[in-house]
Amino acid sequence: MDKNKLENIVSLAKRRGFIFQGSEVYGGISGFYDYGPLGVALKRNVVNLWWKTFVEDAENMFGIDAAIIMNPKVWQASGHVDTFTDPMVECSKCHNRFRADKIDKKTCPNCGAKDSFGEERQFNMMFRTQVGPIDDDNALAYLRPETAQGIFTNYKNVVDTIYPDLPFGLAQVGKAFRNEISPRDFIFRMREFEQMEIEYFVDPENWENEFEEWIKRIHNWLDLIGLNKNKVHELEVEESERAHYSMRTVDFEYDFPIGKEELLGLAYRTDFDLNNIDKKSGKSMEYLVKGTNKKFIPHVIEPSFGLERTIMAVLSEAYTEDEVNGEKRVFLKLPVQLAPVKICVSPLLKNKPELVDKAREVYSELKKKYGAVMWDDNGNIGKRYRRQDEIGTPYCVVIDFDSLEDQSVTIRHRDDTKQERVKISEISKYIKL
Ligand code: GAP
């Protein structure tokens, strides 16, 4: 556990406008976080790259965007009403509640009381809400604890409308809600978070090969977002630890600053979900293989990515300290595709109108072309570089007096701080986005 590193990341995330404690102005609320301007850009970049990788670049993947609140029958059929629970204990002294499997029950982690815990009870983590104006049992509904069920409930709609060949996948990115007993560790365990999930429908005869293929695809993805291979670990989850629907689960763990923890999961959900829907709804979930009489309920491989845990891993990996000209420097070594700002444009001096005009010209051109381009003319150039380093901007473009003569600029690179002189007309050759 590198507590110091985590604190540095949390502090940078707040200071630079990536991630704030939810409702901070009123004292916060545990397990909820808000994204600031740079955080939104980083999150979008992660989601867009994920969508491009798994949906757009594949032939057999399609998108879904289901409602967060669904008919409560969904959560009865899925088993969440009965089994989506964590064991909870309460301290008889301070009345704080904890997840029983996460603490040493001899001593209360909050008040230090000895042997103060009563009996363990199961706590259902689904958030409840009410639909419509009458607050009775018929109005009870839940905020979805996973995005997956919005996919399963639409499986038949997709087959009836576009009838894709097996195997095919349905992908969804969206909010999930879990009333965690002990949210913790920044955005690692939250009560409101986002998932990027795929339900991959396969012929049951092929599930093992398909599962292995997914292991490879996931490693490629983790590589693409810049995670060090040595910090990524596969954990074959034992039967007793698996979710109620899974016949095989591999957790992908990452060496976060808080230790080795689950980043995402890959589960073989069999036909558990479609079979339940088939029985409970009375509507057939069978798939007819085109040109044959072969009919069956497809089985499902489910890669389930937590968006916030992905962001936390990306930030942990990118957070770097080094020394430049004898001074400590902090920078985010983000993959270019994920960096919230790709290019920062500055005039060398802010009080020289001819430099500002030229720099504005270059800025407008680049902004039109690349979008995520920032203007920064505050403080001296060294300070601007440090500021951009801290938010992970890969390129800084500076316009100086020579630029007015030779139509060239200085491009400064984030990682090695090297600078090169480049013709304005050729900037895009040097900037690899
Ligand atoms: N549909 C399968 C499913 O939801 P899960 O292992 O419960 O499986 C999948 O969750 C992923 O969602 C996790 O690997 C993690 O990345 C993320 N996740 C789960 N609970 C979370 C929480 N409380 N806060 C942040 N991310 C969470």
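Residues numbered from 1 in each chain as written. Predicted model: local features only at pLDDT ≥ 70, side-chain atom pairs only at ≥ 80, totals over all residues. Heavy atoms only, no water.

K.L.:
Before we move on, can you summarise the packing of helix 2 (residues 37-56) against helix 7 (residues 207-224) with the specific residues and values?
P.N.:
Interhelical geometry of helix 2 versus helix 7 gives an angle of 145° and a closest axis separation of 11 Å. Between helix 2 and helix 7 lies a crossing of right-handed hand. Contact residues: Val46, Leu49, Trp50, Thr53 and Phe54 in helix 2; Trp214, Arg217, Trp221 and Leu224 in helix 7. Classifying every residue of the contact of helix 2 with helix 7 gives seven nonpolar, one polar and one charged. (Axes fitted to C-alpha atoms, helices over the stretch in contact; angles between N-to-C directions. Helix = DSSP H or I, 4+ residues; strand = E, 2+ residues; numbered from the N terminus. Left-handed = near helix turned anticlockwise from the far one by under 90°. Contact = heavy atoms within 4.5 Å. Nonpolar A, V, L, I, M, F, W, Y, C, P; charged D, E, K, R; others polar.)

K.L.:
I'd like a rundown of the sheet that holds strand 4 (residues 85-90), residues and numbers included.
P.N.:
Taken together, three strands build an open sheet; the order of strands is 5-4-6 and the sheet is antiparallel. If you trace the sheet from one side to the other, it starts and ends with strand 5 (97-99) and strand 6 (121-124), each paired once. Direction aside, the axes of adjacent strands within the sheet are offset by 50° on average. The pairing of strand 4 with strand 5 spans three bridges and is classified as antiparallel. By the bridge assignment, Glu90 is partnered in strand 5 with Arg97. (Pairing = 2+ DSSP bridges.)

K.L.:
Tell me about the site of the ligand, and please be specific about residues and values.
P.N.:
Contacts to the ligand come from 20 residues, most closely from Glu146, Arg178, Glu197, Glu262 and Leu263. In the environment of the ligand, an oxygen atom lies 2.8 Å from a nitrogen or oxygen atom belonging to the backbone of Leu263. At the level of elements, strand 10 (192-202), strand 13 (259-270) and strand 16 (299-306) are the ones that each hand at least two residues to the shell around the ligand. By residue number, the principal contributor to the shell around the ligand is strand 13, which donates five residues. Across the shell around the ligand, the residue classes tally to seven nonpolar, four polar and nine charged. (Near = heavy atom within 4 Å. Polar contact = N/O pair within 3.5 Å; in protein donor to acceptor, adjacent residues only side chain to side chain.)

K.L.:
Outline the packing of aromatic side chains, listing residues and values.
P.N.:
All told, the structure shown has 19 aromatic pairs when counted by the stated rule. With a centroid separation of 5.5 Å and an interplanar angle of 85°, the aromatic rings of Tyr33 and Phe186 are classed as edge-to-face. Here Tyr33 is found in strand 2 (residues 33-35), whereas its partner Phe186 is found in the loop between strand 9 (168-177) and strand 10, with 153 residues between them in sequence. A residue is classified by how much of its surface remains accessible, and Tyr33, at 21% relative accessible area, is partly exposed. Ring centres of Trp50 and Phe54 lie 5.5 Å apart, and the angle between their planes is 55°; this geometry places the pair in the tilted category. Of the two residues, Trp50 and Phe54 are both situated in helix 2; the distance of four residues between them amounts to about one turn of the helix. Here Trp50 and Phe54 have matching classes, each one buried. One aromatic cluster is present, built from ring pairs that chain together Trp50, Trp51, Phe54, Tyr200, Trp214, Trp221 and Phe305. Between Arg217 and the ring centre of Tyr200, over which it is positioned, the NZ or CZ distance is 5.6 Å. When the ring centre of Phe331 is taken as reference, the NZ or CZ atom of Arg329 above it lies at 3.8 Å. (Phe/Tyr/Trp six-rings, centres within 6.5 Å; stacked < 30°, edge-to-face > 60°. Buried < 20%, exposed > 50% of the residue type's maximum accessible area, 1.4 Å probe, protein only. Lys NZ or Arg CZ within 6 Å of the ring centre and 35° of its normal.)

Taken by themselves, the reported measurements are silent on function.
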